[in-house]
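Next come the chains, spelled out residue by residue.
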Amino acid sequence: MPEGDTVWLAAKRMNTALAGQTLRRGELRVPQLAATDLTGRTVSEVVPRGKHMLTRFSDGWTLRTHYRMDGSWHIYAKGARWRGGPAFSIRAILATDRWDCVGYRLHDVTLVRTAHEDSVVGHLGPDVLGPDWDLDEALRRLRSHPDEQIGVAILDQRNLCGPGNLYKVEGLFVCGVHPWMRVADVEDLPALVERTRGLMLANRDRPEQSTTGDLRRGRDHWVYGRKDKPCYRCGTPILRGDQGPDLQERITYWCPTCQATDAPVDPAARTGEADHPPPFATAH
């Protein structure tokens with residue numbers, strides 16, 4: 001699932017292409033909105049809200065879309081070939097005189113009054129990349145469920161919106177917190193939230209997502225996607241497991257040494273020397 005920084009960058013690019021422009025073509029290819037024609041409407045702005053994208057029109061309506069696991073918006077210069085997938089996967093087309101914005105495999109396509117946007121995004125917690133970020137409110141929401149596993153709580157968009165599995169995993173590692181630790185047992189919860197937010201802020205203006213400071217493939221993440229590879233800090237093989245409610249499990253990575261806890265770990269884990277650690281600062 002795309003992370004909040006991916007949606008933030010996509011919204012920024014969409015806003016550049018559409019804000020202040022009148023649509024010459026506006027199609028929504030979902031059953032409930034198939035008869036809706038957006039042609040002739042003027043886009044006032046495109047903004048992200050966590051992992052949701054809000055395209056606001058000057059007539060007081062908002063188009064809300066969500067990527068979920070496989071959705072995406074693509075922007076093409078007028079006349080360029082669309083390459084985001086087969087035509088049947090297109091869910092929305094917003095085109096101006098210069099640009100074609102094409103939404104592939106989008107989910108939760110909804111048209112609501114701008115004044116009533118809370119009906120579709122009001123349940124979300126503070127947006128880690130939003131202008132109204134509120135650390136205290138995010139902490140209040142997290143602490144209201146003290147027995148929840150911190151790895152699950154960070155992903156719950158009702159607590160704070162934007163972080164996905166990658167930033168959950170990397171933020172926990174950088175702060176030395178085990179994914180299965182209870183929220184109430186996290187020693188410095190504000191630092192964990194702000195460090196996770198900082199990782200996202202560092203990546204929001206580029207498509208690459210590096211949490212180590214190194215953009216080279218294979219060197220860009222501390223533990224994410226690195227099962228059985230040596231931890232860059234201590235050399236212990238990285239572990240991988242499923243975490244979350246039934247049917248909603250997410251693959252989680254962690255270092256059993258750097259993120260030590262009383263929670264069970266893989267008995268096969270062993271300590272060794274890191275193989276050519278990357279040339280960047282350690283996580284702590």
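Residues numbered from 1 in each chain as written. Predicted model: local features only at pLDDT ≥ 70, side-chain atom pairs only at ≥ 80, totals over all residues. Heavy atoms only, no water.

Visitor: Looking at this structure, I do not really get helix 5 (residues 165-174). What am I missing?
Guide: Owing to its 3.6 residues per turn, the α-helix aligns residues three or four sequence positions apart on the same side. Burial runs high along helix 5: 10 of the 10 residues are buried. Turning to helix 5, its buried residues are Asn165, Leu166, Tyr167, Lys168, Val169, Glu170, Gly171, Leu172, Phe173 and Val174. Where helix 5 is buried, its residues touch helix 1 (4-18), helix 4 (150-155), helix 6 (189-203), strand 9 (239-243) and strand 10 (250-254). At the exit of helix 5 stands Gly176, carrying a positive phi of roughly 70°. (Buried < 20%, exposed > 50% of the residue type's maximum accessible area, 1.4 Å probe, protein only. Helix = DSSP H or I, 4+ residues; strand = E, 2+ residues; numbered from the N terminus. Contact = heavy atoms within 4.5 Å.)

Visitor: Please explain the environment of Pro256 as it appears in this structure.
Guide: In this fold, Pro256 is placed in the segment after strand 10. A residue is classified by how much of its surface remains accessible, and Pro256, at 15% relative accessible area, is buried. Sequence separation of Pro256 and Gly176 is 80 residues, and the distance between their C-alpha atoms is 9.7 Å.

Visitor: Would you mind showing me how to read the sheet that holds strand 1 (residues 25-28) here?
Guide: In a beta sheet, neighbouring strands are held together by backbone hydrogen bonds and run either parallel or antiparallel to one another. Within the open sheet, the 4 strands sit side by side as 1-6-7-5. Their pairing is antiparallel. Of all strands in the sheet, those bounded by a partner on one side alone are strand 1 and strand 5 (72-77). Neighbour-to-neighbour, the strand axes of this sheet turn through a mean angle of 20°, independent of strand direction. (Pairing = 2+ DSSP bridges. Axes fitted to C-alpha atoms, helices over the stretch in contact; angles between N-to-C directions.)

Visitor: What exactly am I supposed to notice about the domain arrangement of the chain here?
Guide: Size of an interface, as often reported, equals the accessible area lost when the parts are brought together. Each assigned domain of the chain is listed here: domain 1 (4-122) and domain 2 (135-254). Inter-centroid distance (C-alpha atoms) of domain 1 to domain 2 is 29 Å. Buried surface at the junction of domain 1 and domain 2, summed over both partners, amounts to about 870 Å²; 52% is from carbon and sulfur atoms. Per-residue buried area on domain 1 facing domain 2 is highest for Asp5, Trp8 and Lys51; these three make up 54% of the total on that side. Counting the contacts that link domain 1 with domain 2 gives 1 salt bridge. Where Lys12 meets Asp205, a salt bridge forms, and the shortest distance between an N and an O atom there is 3.2 Å. One can count 5 residue pairs in polar contact (both at pLDDT 80 or more) joining domain 1 with domain 2. If one sorts the elements of the side of domain 1 that touches domain 2 by residue count, helix 1 sits on top with 7 residues. Its residues placed into classes, the side of domain 1 that touches domain 2 shows 2 nonpolar, 3 polar and 5 charged. (Domains from an automatic or database assignment. Buried area = accessible area lost by both parts, 1.4 Å probe. Salt bridge = Lys/Arg side-chain N within 4 Å of Asp/Glu carboxyl O. Polar contact = N/O pair within 3.5 Å; in protein donor to acceptor, adjacent residues only side chain to side chain. Nonpolar A, V, L, I, M, F, W, Y, C, P; charged D, E, K, R; others polar.)

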